[in-house]
Every structure is written in C-alpha cells, then in structure tokens.
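# Structural description and commentary
Now for the letters of each chain:
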Amino acid sequence: MQIERLVRMIFYIVSREQVTAKELADYFNVSTRTIYRDITTLTLSGIPITSKKGTGGGISLMDGYALNKSFLTTEEQVQVYQGLQILQASNYPDAEQALTKIDALFNQSLSDDWLEIDFSYWGSSEEEKITISDLRRALTKKHVLSFEYFNSELQQSERKVDPLRLIFKSHAWYIVGYCHHNHAIRVFRLSRMKRINVLPESFERCLPKDFSLADSTYETDYSTFKLLFLPEMSYRLFDEFQEQQVERCPNGNYLVTVQYPLNEWTYHRLLSFGPYVEILEPAEARKELKRRALKIAQKYD
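Rules of the game
- The numbering scheme is per chain: residues are counted from 1 as the chain's sequence reads.
- Residues qualify for local features only when their pLDDT is at least 70, as the model is predicted, and side-chain atom pairs are given and counted only at 80 or more; totals for whole chains, interfaces and linings, by contrast, use all residues.
- Computation of side-chain values covers all heavy atoms of the structure but excludes hydrogens and water.
- Under the DSSP-based scheme used, a helix requires at least four consecutive residues in state H or I and a strand at least two consecutive residues in state E, with every element numbered from the N terminus.
- Polar contact is defined as a pair of N or O atoms within 3.5 Å, subject to the rule that within protein one atom must be able to donate a hydrogen and the other to accept it, and that residues adjacent in sequence are counted only when both atoms are side-chain atoms.
- Pairs of residues are marked as contacts when any of their non-hydrogen atoms sit within 4.5 Å.
- When DSSP locates at least two bridges between a pair of strands, those strands are taken to pair.
- Comment: axis = line fitted to C-alpha atoms, over the contacting stretch for helices; angle = value between 0 and 180 degrees taken between N-to-C directions.
- A pair is scored as a salt bridge if a Lys or Arg side-chain nitrogen falls within 4 Å of a carboxyl oxygen belonging to Asp or Glu.
- Whether a residue is buried, partly exposed or exposed follows from its accessible area with a 1.4 Å probe, protein chains only, as a fraction of its type maximum: under 20%, in between, or over 50%, in that order.

## Regarding the side chain of T266
Looking at where T266 falls in the secondary structure, it is placed in helix 8 (residues 264-271). A polar contact of 2.5 Å, which involves the side chain of T266, links it to the backbone oxygen of P261. Sequence-distant contacts of T266, that is, excluding residues within four places in its chain, are made with F225, Y260 and P261.

## What to know about the sheet that holds strand 7 (residues 193-202)
The strand order across the open sheet formed by 5 strands is 6-5-4-3-7, and the pairing between neighbours is antiparallel. Sheet topology places strand 6 (184-189) and strand 7 at the edges, where each strand pairs with a single neighbour. Direction aside, the axes of adjacent strands within the sheet are offset by 45° on average.

## Notes on unusual backbone geometry
Of note, the amide linkage connecting E281 to P282 takes the cis form, showing an omega dihedral of 0°. For H183, which is not glycine, the phi torsion reads 55° and is therefore positive.

## Observations regarding the pattern of salt bridges
For the coordinates displayed, the defined rule picks out 10 salt bridges. Here R286 and E278 are joined by a salt bridge, their closest N and O atoms 2.9 Å apart. On the accessibility criterion, R286 (39% relative accessible area) is partly exposed. Residue E278 is classed as partly exposed on the basis of its relative accessible area of 33%. Residues E288 and R291 are paired through a salt bridge, measuring 2.7 Å at the closest nitrogen-oxygen approach. Here E288 and its partner R291 are both found in helix 9 (residues 283-298), 3 residues apart, which amounts to about one turn of the helix. You can call R291 partly exposed: its relative accessible area is 44%. Salt bridges here are not isolated pairs; linked through shared partners, they connect E264, E288, R291 and R292.

See below:
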C-alpha cells in the first residue's frame, strides 16, 4: 500500500540522511517514476523533502524538521519509537542510531528502559547468548546456519539449515528453514538449538508462499489429553495452557483438555508436574506415565 511505503520511505531517508531515487526504487521494488510521485505526495502533505541534482546530490529531509506537527499523531510517534526500542533491546544493528535520530525528529523524550529481549535461557553464559542481529544477518543475507538440535524425542543431531523465517508462537521462538538433512522445510525451536553458527555459505531459496505453520506438524499424530491438576499447580497452568483449555472444578481442582503427541516430550513435560497432575485420558498415556513414575520410585527403594 502507498501509505505504508510513504511512512517507510520517510524513515529510510531519516536513517541515511541522503539517498538517491534509484536507491529508493531498488529498496521498495518500484520504478523511479513512482518514487518521484511519492516524493511529490509527501511534499504536498507538508513533509519538507529536498532534492539536489548533480554530483553529491540526492533526496533528504530539511534539517531541523519536526515530523510530529504534520504527519504522525503523538500515539503514532510512540508506536514508531517503541518499535525501534524493541529492535534496540534485541541488539538489532544501528537501532540505537535510528532511535537518536527519531527522538530528535519528534522533538520529545520517550522512555527507553521498558524492554529487554534475550533469546538465551536462564543461567546461560554470555558466550551462549543468541542475539537477534545474528539471526537477522543469517535471514536477510541468506547465510546457512549450523547448530546442534534436540528434538521432542530427546534425540541430538547436527543440522545445517537455510533460515527462512523467525517466528514467535505460544511463548517460544522458532526458526523455519530448509533442513539439509531432511531435504525439506522444517520448524526448529530456538531454545533447543545449541552452538549456533552463521556460516559463510549462502543460499537462494525462499519460503514457499503457501507455507503455513499450522501445516508444519503434519508428521506428528496428536491425541486429546484430559488432565486433572491440583490447586498447587494453578500458577503454572495459565503460563503453559490457553485459557479456554483450563476449566476450574467445584472442588478447586483444574481440568485441562489439550492436544499432545504420545511421545517422550509429552511424558517428560507431564512428569515435571510431579504428584500434582493425573492423566484421565487417554488410557494409553495414563498407563505409560504410571510405568515411568514407578520406575523413578524404584530408584529410591
């Protein structure tokens, strides 16, 4: 949409101070004629964009211009600024420089200490921290990733993947990419990816337009679990289950109905609740969890 391109164009110019029409046309994948029409639209809207011809010339915003008086509302300014703060908190390259420019452009101070993003797990060392800048470089520059991966069956493997998309879903980050081992598109949970390296090796493939994250679980069969939780586990339930999956019983217990695969990941997850959960259904899972619990108890005889 044109309005989206116009807003993005302003911030593109701000972040680089001066650009050429060809550079803008290449970046937005439009013709230079379209860029000049957009520049005219912005100028008519009150945005003082200047254009200089010849060597050293280009398109830029007039020095000292305050954007807030003619284009964005105060709330929209906050949204833009906070969007950049999210990138800064994720260690996104040049986000701090862009924040400084936007702060001066809007001519007002906005709080910058409300957010921090860290992909690493609790207790990890500095060397193990994964920054969004690393992933961004691999995704945008199309560099292959190598890493060790632990799947839901607790199997460890070495992987090389062409990263195609970074996704946040259901309290977790995922990388969608083409796996060189499986020769297919796969979804990898970031917390299970260890010793990630961005390789010099590059690739050209793109994510298929018809890709759906919902279809990426096609290899796993799911069963309906009915789980009875004691009140002592209430603090975890709403962290780990959706509200519509949790039903409070008259006696204070909680009944959770959820779809799980019958695999190692599910049994380890349920065992983490200790004596505060009981599998009501399916019978197969109830029997298997009992067997595993007894095996644990035998270690302490």
